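Chain by chain, the residues run as shown.
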Amino acid sequence: MQVRVLPGAPFRFEAGHSARRTLDAGPWRLGLGRLTLAANDPLNPRHIALVFHRRGIISFMAVRILARVGIGLAALAAVATAWLWLIISDPPDALTLNRARPIGVLIDNVRLVSMVPGAPEVEDARAVLVMGDRIVEVGAAGALPAPKGVRVVDGAGRTLIPGLIDAHIHLNDEAELAAYLAHGVTGVRNMSGYPFHLRLSERIATGALLGPDFITTGPILNSRGPNENVLQRMVTSGDEARAAVRAQHDAGYRALKIYSNLTREAFEAIIEEADRLGMSVSGHSPEGVRTRGVPRERPFDIPWEQSLGRGLTTLEHIETIVWHGLRDDLDEDRMRRLAARLSASGEVVTPTLIAHRRLVLIAETKGRYLDGPGSDTINPLTRFFERGSERHWSGVDPSTYERPHADFFLTATRLLHEAGVPLIAGSDSGGFGLVPGASLARELELLVAAGLSPHDALAAATRTSALALGFERTGVVAPGYRANLVLLPGDPLTQIGAVESPSGVMVGGYWIDDDGLEDMRRSARDTSFVRSLWRVLEMKLFNETKG
């Protein structure tokens, strides 16, 4: 956004939302999105007013400026306030719903990968009828009549799959929602909650904003130690942990994320309080206090097995399981026994293979990987804070530690799959080197490289994930299910990476065609350092005062 204000000259306001106005001597009034900026006489203002429109309610903020104050300071102050409000409150244009949901859509003549248990992996010449936000009928191509007012989409033999779910992301900004939709991701689980995520979830659920189905945990719960960071809520005692859980519940969160350094007392208290309040718990298996020599010379304070059977919805990261469960011993027999025990316990695992593999790729390319396709959609605040990590990994020799571990993580994932451990697909996007949306395709490629069939990998990003995380009737193409669908020119059952480039996406009954997907890709680049920083500051305030 650019602003020029010159005393005694026309006032020019330019914004990235295709709004450009030049205003001569007043009176004048400028409308932009949910903002109206008005003054009686910009050359001699006594009264500049900012009118904000939010959810149909108009609130009015007036700034009385003494006559002796010149137009430059007065207008600049008003425009600066307007600019900040717009940056914080206005989502990318492609996500703004300025139209009603279509009556229905008939997608005809497709190869259907329905993910219905027991159904064929693929069915040729099929049709799917959607009314509102629900699938109402699946039948033979050409056999389903289109009710009046229903849009007909010719699938032209392309492949239709359920919308993808990324089970592990870190959302910093609304622009990333556009990136997910552009890549066929119609459901996400955010794994580090900020207060704005609760508002965002409500806006998506009520149809005020177009976005993937959205689940978020609260702020990460951790204790002091080597894996702490400034964005986490630190708890040590049982009382502190219970208070933090209650504060997150009172704020509106219904899922918790735990982290590696949690003390025994804090871990036990979180599990007990979450159970009492009906909240789910996911995350890293807590290690307790880490002392010198852990894990190779001394065992962890909290053995990995003590996280099993505690009701955790998911265990995150195959690298965490190898580090904690095997004490970083890359032994296939030990991993096989661990997989059997985990299968018997029943926890779901989100391997996030791409989260570690990107470190190898950054190191092997001397940092060039960081500027690859889609890197302009990675949040600028994240890249600012992680610039030290980017420099570090760009100079590492990965051959001694990272590459052998990356290869073993594939083996470990295969052994979990063979043992019957439910796997779901998550990319850990939101960090450096992880492109929102596209990284889920990379994760699916790694799951196939680990030994899953393409169909099993798709299940990890659709049906299995929906069931494990509680996404309401999604992940399957069948009557009664939510209309989250992806139309692909390529065949994901022969080349799983084909999911990265859809030709059509439906989320909640809204059809996004090629032109709409291009709009999403443009909006995905509309990231904001200022907007993201504001959300971080708001979250820190929550942690310090309530969390």
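Residues numbered from 1 in each chain as written. Predicted model: local features only at pLDDT ≥ 70, side-chain atom pairs only at ≥ 80, totals over all residues. Heavy atoms only, no water.

Peer 1: Quick question: what am I supposed to make of unusual backbone geometry here?
Peer 2: The linkage connecting V294 with the following residue, P295, adopts the cis geometry, with an omega of 10 degrees. Inspection of the secondary structure puts P295 in the loop between β19 (280–283) and β20 (314–316). The phi torsion at A156 lies on the positive side, around 50 degrees, for a residue other than glycine. With respect to the helices and strands, the residue A156 is situated in the loop between β11 (151–154) and β12 (159–162). (Helix = DSSP H or I, 4+ residues; strand = E, 2+ residues; numbered from the N terminus.)

Peer 1: Sorry, what's going on with the packing of aromatic side chains here?
Peer 2: Two descriptors summarise a pair of aromatic rings, namely the distance from one centre to the other and the angle between the planes of the rings. All told, the structure shown has four aromatic pairs when counted by the stated rule. Aromatic pair F384 and F385: ring centres 5.5 Å apart, planes at 65 degrees, arrangement edge-to-face. Using a relative accessible area of 55% as the deciding quantity, one classes F385 as exposed. Pairing F384 with F529 gives two aromatic rings, centres 5.6 Å apart and planes at 85 degrees, and the pair type is edge-to-face. One end of the pair, F384, is in helix α9 (residues 380–385); the other, F529, is in helix α16 (residues 529–545), with 145 residues separating them in the sequence. Members of the aromatic cluster, connected to one another through ring pairs, are F384, F385 and F529. (Phe/Tyr/Trp six-rings, centres within 6.5 Å; stacked < 30°, edge-to-face > 60°. Buried < 20%, exposed > 50% of the residue type's maximum accessible area, 1.4 Å probe, protein only.)

Peer 1: Can you help me understand the pairing of strand β10 (residues 134–140) in this one?
Peer 2: Successive side chains on a regular strand alternate, one facing one side of the sheet and the next facing the other. Pairing between strand β9 (residues 123–131) and β10: six bridges, direction antiparallel. Counterpart to L129 in the pairing with β10 is E137. Linking two consecutive strands that pair antiparallel, namely β9 and β10, is a turn of two residues; a positive phi of about 65 degrees is found at G132 within it. (Pairing = 2+ DSSP bridges.)

Peer 1: What should I look at first to understand the nonpolar core in this one?
Peer 2: A general trend in soluble globular proteins is that nonpolar side chains are found buried together. Counting residues in each nonpolar core, the largest one holds 92 residues, and the members touching the most others are I318, M335, L342, L416, L458 and M520. With sequence-adjacent residues up to four places away left out, M335 is seen in contact with I318, I321, V322, L326, F408, A412, L415 and L416. (Core = buried A, V, L, I, M, F, W, Y, C linked by side-chain atoms within 4.5 Å. Contact = heavy atoms within 4.5 Å.)

Peer 1: How should I be thinking about the packing of helix α6 (residues 318–325) against helix α11 (residues 402–418) in this particular structure?
Peer 2: In helix packing, the relevant descriptors are the interaxial angle and the interaxial distance, both defined with respect to the helix axes. The N-to-C vectors of α6 and α11 enclose an angle of 90 degrees; their axes lie 10 Å apart at closest approach. Relative to α11, the element α6 is oriented roughly perpendicular. Counted together, I318, E319 and V322 of α6 and F408, F409, A412, T413 and L416 of α11 form the full contact between these two elements. For the contact of α6 with α11, the per-class residue count stands at six nonpolar, one polar and one charged. (Axes fitted to C-alpha atoms, helices over the stretch in contact; angles between N-to-C directions. Parallel < 35°, antiparallel > 145°, perpendicular 65-115°, else oblique. Nonpolar A, V, L, I, M, F, W, Y, C, P; charged D, E, K, R; others polar.)

Peer 1: Honestly, the side chain of H249 in this entry has me stumped. Any pointers?
Peer 2: Within the secondary structure, H249 is located in helix α4 (residues 238–251). Excluding residues within four positions of it along the chain, H249 makes contact with R254, L277 and M279.

Peer 1: What's the story with the sheet that holds strand β15 (residues 213–216) in this structure? I'm lost.
Peer 2: Strands in a sheet are paired, the pairing made by backbone hydrogen bonds, and the direction either parallel or antiparallel. Taken together, three strands build an open sheet; the order of strands is β13-β14-β15 and the sheet is parallel. Of all strands in the sheet, those with a lone pairing partner are β13 (164–169) and β15, marking the two edges. Going across the sheet, the axis of each strand differs from the next one's by a mean of 15 degrees, ignoring polarity. Across four bridges, strand β14 (residues 185–190) lies against β15 in parallel orientation. The partner of R189 across the bridge, within β15, is I215.

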